[in-house]
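# Observations on the model geometry
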There are 2 protein chains.
Amino acid sequence: MPGLAELPDRTWQQCQIVLMFTACARPAPCLLLPIFSARPTRASTASTGFLIRMKAPHRTSITDLARALNLSPSTVSRALTGHPQVSEATKQRVRELAEQLHFQPNQLAAALRRGRSNTIGVLVPYITGHFFPEVVNGIAIEASRTGHNVMICQSNEDVRQEQRNIELLMNAQVEGILVSLASTTQDFSHFDAVRRAGTPLVFFDRIVEDMAGPYTSAVVLDDHAGAYAAVAHLAGQGYRRIAHFSGPLHLNIHRNRHQGYLDALRDHGLSAPEELVFVADLNQETGTLGMRQLLQLAEPPDAVFSSNDLAAVGAMQVLKAHGRRIPADVAVVGFSNEAFTALTEPTISSVDQRCHLMGLTAVQQLLRLLEAPGSAPLPPVVLTPELLVRASSQRL
Amino acid sequence: MPGLAELPDRTWQQCQIVLMFTACARPAPCLLLPIFSARPTRASTASTGFLIRMKAPHRTSITDLARALNLSPSTVSRALTGHPQVSEATKQRVRELAEQLHFQPNQLAAALRRGRSNTIGVLVPYITGHFFPEVVNGIAIEASRTGHNVMICQSNEDVRQEQRNIELLMNAQVEGILVSLASTTQDFSHFDAVRRAGTPLVFFDRIVEDMAGPYTSAVVLDDHAGAYAAVAHLAGQGYRRIAHFSGPLHLNIHRNRHQGYLDALRDHGLSAPEELVFVADLNQETGTLGMRQLLQLAEPPDAVFSSNDLAAVGAMQVLKAHGRRIPADVAVVGFSNEAFTALTEPTISSVDQRCHLMGLTAVQQLLRLLEAPGSAPLPPVVLTPELLVRASSQRL
DNA sequence: TTGAAAGCGCTAACAT
DNA sequence: ATGTTAGCGCTTTCAA
């Protein structure tokens, strides 16, 4: 006979965080009448040295209900799911007892039996910060609305964790996956398993531009348009020497924003000297660095369009320290519409990324794929960002 | 024979978001050799009007492996889980084929059979913002480290959603639950189901102070100490008329912070006139409101301790607009250590809530309960917050 | 309208 | 060291 402390082997154990959202209503079951199962009870010693007998907490099952009502499990199941061919009377009886016994359907079993988990997977680089929680929230709401569960994984920008998370999601039998790639991901073989299983995949925000095959459905932001709008706005305000802070150019978002910057300058008859473009891993510190550097030019800029809000803050601090007035002398526009852009002084104009809409759209695309299995991948959806003009760039 | 389009009834369907984190390693399976099941194949019409034949994507199962290797499913299962009593040779063979066939264990089935999902549930008011994502991240990391899955629900501060989420978590067969209550929650009957099932429960951050019974294990921040430290710091810097912005006093966090403020004043021989305490639903706007009001006093304050960072920003804006220098004339200290406190000018001193530590501790408490089923609830853990002194309150 | 029976994929007790 | 058997709780044919 096995000892009490025998724990199951953990080799396969996997670690996940599951974010759940309610929406679909099912009346909550309510109270009393424990039927005890025949399964063994456990005895355990509390830390005080006290011996406490535990009755194995029994969770009421459909079988229990069936027995109690003298019905078959199938009928009970049907009654509970609102199957039309069950008499109202029976449904009533079943529902009442279910309430009384606090019946809670075991979703694991249901999903296993049905062969579908009714769950969609989401893989993001982070769950902290501004952007991803907002997108996830959008996903949550839309999924909720359409009666789907959502599982989210975070890759921490690490390809290996991304691989594991994909595995986890597949093992959890998700019906579709939404992915925003880790910035380091260059090899996409871990998505083979997804394709092999026929699981629909939709990329959002961070996508693989050269990923071949049928799995390129995507929802992205039109970074080019956002940057273009920002720079066009600056030109319209009369700024003439517009600088640009760019993130690493191997990332499509920064490449596109850079191009939008260049195109807007060109279309407004402005020059785009190399010296006005500062490329770095953008954060507050590199923002100050970049601004200092720009201020040392023979002809310093009269505006900065930063590919990132944090760097914009850094730039503003340097400008203020050097006695430049914002926006009178120098204008600043950021990108992302982070919460703090409305809190600085002056408030920072920024390009909003439509986080919520992105999440919502990604879910919709996935559902479309889900409904038409085997159909061609959908053309990418490109969301138009919104320029929010605040104090830092408005001098007219 | 049922038609193609017959969809399952949705009455029970529930909506959730699942956040997963990897940590525990299991080598990822890799490539080739589809065995087709005998299950029916589906035909579907693509949107183009094209008829596409789909082979039902077959996911390799343990049974498949067993058949292919001429072993019993049990042996394969044991080999895969690293059971010691399986010969190395067999393990090798099994693992190899599993790789080749891209075997992915069905966690649903495993959890169902084992009777334990290896998952802990988390219920928070929001997943956006600063605090909760950080706490969740802490939870994620610790759970990950100890080989547990985590499911998170957001209640949107709504009791009804909180109820549903608790149901969802229970239906998902979680082994324990971490809860931060919705601010509107007054009735706790939805936690009865949790107690009834014997599922351990740990509250964090927002707790029920008067909730009776064995389910009061909790992890909270010592708000009183945080407020006390902030105000003591202000007194130490020579400020004498210290005002306080408080949130609604029916919430324990604000009540405790208010008390900490009062106690610190008393201990430093300072008076605490009613007129210096401004109570409101704290945000940037009410912060400006409160500050304007305070500035109109016959004897305006020379420092403000705000129970919330946003209101502190609002206060600073008003102060600057009125030509008061910060911190020379008036000091400001906030609470929460939001990211933007380091970005404003001047940067704002604030009380850090140890988000990460809170998540980590909550998981540890839960695991303790999990390991000692039936033992008494644990005494609440009180975390000491950390005062971060920044520019807004440092004049010495 | 209801019941009987089978089985989703996996694991574990009990053989061998 | 491996196989046999049974069953987690639910859904779903198929039959009555």
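Residues numbered from 1 in each chain as written. Chains lettered and ligands numbered in written order. Predicted model: local features only at pLDDT ≥ 70, side-chain atom pairs only at ≥ 80, totals over all residues. Heavy atoms only, no water.

Looking at an unreviewed UniProt entry, one finds chain A named LacI family transcriptional regulator, with Hymenobacter edaphi as its source organism.

Attention shifts here to the sheet that holds strand 9 (residues 242-246) of chain B. Residue and element names in this part refer to chain B. In spatial order, the strands read 10-9-11-12-13-15; together these six strands make up an open sheet with mixed pairing. Sheet topology places strand 10 (277-279) and strand 15 (386-388) at the edges, where each strand pairs with a single neighbour. The sheet shows a mean angle of 15° between the axes of neighbouring strands, taken without regard to direction. The sheet contact formed by strand 13 (residues 349-352) and strand 15 spans three bridges and is antiparallel. Note on strand 15: the bridge partner recorded for D352 is E386. Strands in contact with helix 9 (residues 252-267) are strand 9, strand 10, strand 11 (303-306) and strand 12 (331-336); relative to strand 9, the strand with the most contacts, it is inclined by about 170°. Sheet contacts for helix 11 (residues 309-321): strand 9, strand 11, strand 12 and strand 13; angle to strand 12, the most-contacted strand, approximately 160°. (Pairing = 2+ DSSP bridges. Helix = DSSP H or I, 4+ residues; strand = E, 2+ residues; numbered from the N terminus. Axes fitted to C-alpha atoms, helices over the stretch in contact; angles between N-to-C directions. Contact = heavy atoms within 4.5 Å.)

Time to look at empty space enclosed by the protein. Throughout the structure, instances matching the rule amount to six cavities of 30 Å³ or more. Lining the second largest cavity we find 14 residues, and of these T344 and E345 of chain A together with L343, T344 and E345 of chain B sit closest to its centre. Going through the elements one at a time, helix 11 (309-321) of chain A together with helix 11 of chain B are the ones with two or more residues in the lining of the second largest cavity. (1 Å grid on protein atoms, 1.4 Å probe; cavity = no way out; pocket = protein on both sides within 12 Å on 5 of 7 lines; lining within 4 Å. Points joined across faces, edges and corners; volume = space filled by probe spheres on them.)

All right, on to the side chain of S306 of chain B then. Residues and elements named next belong to chain B. By the secondary structure assignment, S306 is in strand 11. Residue S306 is classed as buried on the basis of its relative accessible area, which comes to 0%. Side-chain polar atoms of S306 contact the backbone oxygen of N308, separated by 2.6 Å. The contact partners of S306, leaving out residues within four places of it in the chain, are F245, L282, A311, A312, V333, G334 and F335. (Buried < 20%, exposed > 50% of the residue type's maximum accessible area, 1.4 Å probe, protein only. Polar contact = N/O pair within 3.5 Å; in protein donor to acceptor, adjacent residues only side chain to side chain.)

With that settled, consider the sheet that holds strand 13 (residues 349-352) of chain A. Either a parallel or an antiparallel arrangement is found when strands of a sheet pair, and the pairing is made through backbone hydrogen bonds. All names here are of chain A. Pairing in this open sheet of six strands is mixed, and the strands run 10-9-11-12-13-15 from one edge to the other. Strand pairing shows two members of the sheet lacking a second neighbour, strand 10 (277-279) and strand 15 (386-388), which therefore form its edges. Taking each pair of neighbouring strands and ignoring which way they run, the sheet shows an average axis angle of 15°. Most of the contacts of helix 8 (residues 223-236) go to strand 12 (residues 331-336), to which it runs at about 165°, and overall it touches strand 9 (242-246), strand 11 (303-306), strand 12, strand 13 and strand 15. Strand contacts of helix 10 (residues 284-295): strand 9, strand 10 and strand 11, with the helix running at about 150° to strand 9, the strand carrying the most contacts.

All right, on to the nonpolar core then. Taken as a class, soluble globular proteins show a tendency for nonpolar side chains to be buried jointly. Ranked by size, the top nonpolar core spans 132 residues in total, and within it F204 of chain A together with F204 of chain B carry the most contacts. If we skip the residues at most four places from it in the chain, F204 of chain B touches V122, V124, F132, V135, I139, L178, V179, S180, V219, M358 and A362 of chain B. (Core = buried A, V, L, I, M, F, W, Y, C linked by side-chain atoms within 4.5 Å.)

Turning next to the UniProt feature "domain: HTH lacI-type" (unreviewed entry) in chain A. When the UniProt feature table is mapped to this numbering, "domain: HTH lacI-type" (unreviewed entry) covers residues 60-114 of chain A. Across residues 60-114 of chain A one finds 69% helix and 0% strand; the C-alpha atoms that close the span lie 20 Å apart. (UniProt positions renumbered as here; feature names shortened; annotations may be inferred.)

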